[in-house]
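# Residue-level structure breakdown
One letter stands for each residue in the lines below.
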Amino acid sequence: LVIENPALPNLVARADAMVTAMKTVAPQAEVVATITSGTRETSYTNMREFLTDETDFDVILSINDASAFGAIQAMEDAGIDAQSIAVFSIDGERWALQYIAEQYYVQASTAINVLDKARGLVDALIMLLAGEQISSIIEILPGDISLSPILINTIE
């Protein structure tokens, strides 16, 4: 299951990258459905609706932690066991890290360092104002990636 936001191209690219990464490590994996979100509230509502379809799934790829939290709340309300679903998300928020430590739904979350992005943008603008040519794509690496102990043991 992929939680995406088709209204925002950067989040479409993020969701697509997550699916590509999943298929790299699990080529047999299928995306059984997508739900639209971007906020905890929208994700909760859309996940509750999705759960009425009784579609089998065991992984959620979420464009952000807030959407993951809404989906988790809907699964809690539906009585879905935390050990039966693996959630992978982006933002590295405090609750995501707590859930990872507790092995509660979330298996991994990567931090997005907004400050580094802002610095990169300012640096690029300074270079442009100085008359320098820069690439049309500036790569800024993500922040820390937090993994659950289960995933760490699987990797080792």
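Structure: see above.
Residues numbered from 1 in each chain as written. Predicted model: local features only at pLDDT ≥ 70, side-chain atom pairs only at ≥ 80, totals over all residues. Heavy atoms only, no water.

### What to know about the overall build of the chain
Within the chain, the secondary structure is distributed over six helices and six strands. Counting from the amino terminus, helix and strand elements in the chain follow one another as β-α-β-α-β-α-β-α-β-α-β-α. When the 156 residues of the chain are sorted by exposure, 35% land in the buried category. On the chain, roughly 9,400 Å² of surface is accessible, and the fraction owed to carbon and sulfur atoms is 56%. (Helix = DSSP H or I, 4+ residues; strand = E, 2+ residues; numbered from the N terminus. Buried < 20%, exposed > 50% of the residue type's maximum accessible area, 1.4 Å probe, protein only. Areas by Shrake-Rupley, 256 points an atom, 1.4 Å probe, with all protein chains shown as cover.)

### Comments concerning the pairing of strand S3 (residues 59-62)
Where strand S1 (residues 2-4) and S3 come together, two bridges link them in parallel fashion. When the sheet's bridge partners are listed, Val2 is paired in S3 with Leu61. Note that S3 and strand S4 (residues 86-91) share three bridges and pair parallel. Along S4, the bridge assignment pairs Ile60 with Val87. Where the polypeptide runs from S3 across helix H3 (residues 65-77) and back to S4, its parallel neighbour, the crossover connection is right-handed. (Pairing = 2+ DSSP bridges. Right-handed = clockwise from strand over helix to strand, strands pointing away.)

### Regarding helix H1 (residues 9-25)
If you check H1, its first and last C-alpha atoms are 25 Å apart, about what 17 residues at 1.5 Å a residue would give, namely 24 Å. Of the residues making up H1, those classed as buried are Leu11, Arg14, Ala15, Met18, Val19 and Met22. Buried residues of H1, viewed axially, fall in a sector of 130°; they line one side. Across from the buried face of H1, at angles greater than 90 degrees, the exposed residues are Pro9, Asn10 and Thr24. Of the surrounding elements, those touching the buried residues of H1 are S1, S3 and S4. (Expected span 1.5 Å × (residues − 1). Arc of directions from axis to C-beta. Contact = heavy atoms within 4.5 Å.)

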